[in-house]
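Summary of the model geometry
Residues per chain, in single letters:
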Amino acid sequence: KLTVNHSVTITADGTDRTINLAEFHVTNGATLTVDGTNGRVTINDIRKGGSIWTSAQPVVVEANSGLITRGSVTMQTKYGTGSDNGNAVNVAGEGAWAIIGEGSMLAGANKGLYLSNAKASAHVEGGQIASYGSATGTKSGDVGVWNAAGELTIDDGTMNAVYSTGGTVRINGGTFKD
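**Let's talk about unusual backbone geometry**
Leaving glycine out, the prevailing phi sign among residues is negative, and the prevailing peptide bond configuration is trans. Within the chain, Leu21 stands out as a residue other than glycine whose phi angle is a positive 50°. With respect to the helices and strands, the residue Leu21 is situated in the loop between strand S3 (17–20) and strand S4 (24–26). Overall, the relative accessible area of 52% leaves Leu21 in the exposed class. Of note in the backbone geometry, Asn64 takes a positive phi value of approximately 55° without being a glycine. Assignment of secondary structure puts Asn64 in the loop between strand S6 (59–61) and strand S7 (66–78).

Put into structure tokens, the structure is as follows:
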């Protein structure tokens, strides 16, 4: 677990870069920007099949904090245990927010993007968002790519499902698959 308690930008240096088995927790009003405009940035939390360890979450955004993705960014997690984790991005805190930019790819063992707080928000500008659970049957918990308890706006992108448990969902564009 890596705590981001002040604003940080992660960028590539002209070549593709991968961060393995890291879980960033954005707190204290900070913003984590993952910028893949100068080479792909991947946060790879895929464990080995049959792992007894908890399924990781590449980014957890806590109260009044935010996440921005730009360019070629991949956040993925697969395998492990637990039904309330294994999300590529979990917008978890009150007032937490995320902006998912074009070129991003979020793939979770449970959900690609999960808004788990009714006062959280996310804006999807583009990219691909999926769940390994619904795509391959190898999930380690919930099925469903999205669980929007907060405020979700989708302008573009490709995703295999949108599931809302009482939050607000605005769909202005995008492609939706089963």
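Moving on from the coordinates now.
**Details of a nonpolar patch on the surface**
On the surface, Val162, Ile171 and Phe176 cluster together to form a nonpolar patch covering roughly 230 Å² of accessible area. Residue placement: Phe176 occurs in strand S18 (residues 175–176). Residue Phe176 is classed as partly exposed on the basis of its relative accessible area of 37%.

Reading the values: the criteria
Residues numbered from 1 in each chain as written. Predicted model: local features only at pLDDT ≥ 70, side-chain atom pairs only at ≥ 80, totals over all residues. Heavy atoms only, no water. Helix = DSSP H or I, 4+ residues; strand = E, 2+ residues; numbered from the N terminus. Buried < 20%, exposed > 50% of the residue type's maximum accessible area, 1.4 Å probe, protein only. Patch = residues over 30% accessible without salt bridge, like charges linked within 9 Å, V, L, I, M, F, W, Y side chains within 5 Å. Areas by Shrake-Rupley, 256 points an atom, 1.4 Å probe, with all protein chains shown as cover. Salt bridge = Lys/Arg side-chain N within 4 Å of Asp/Glu carboxyl O.

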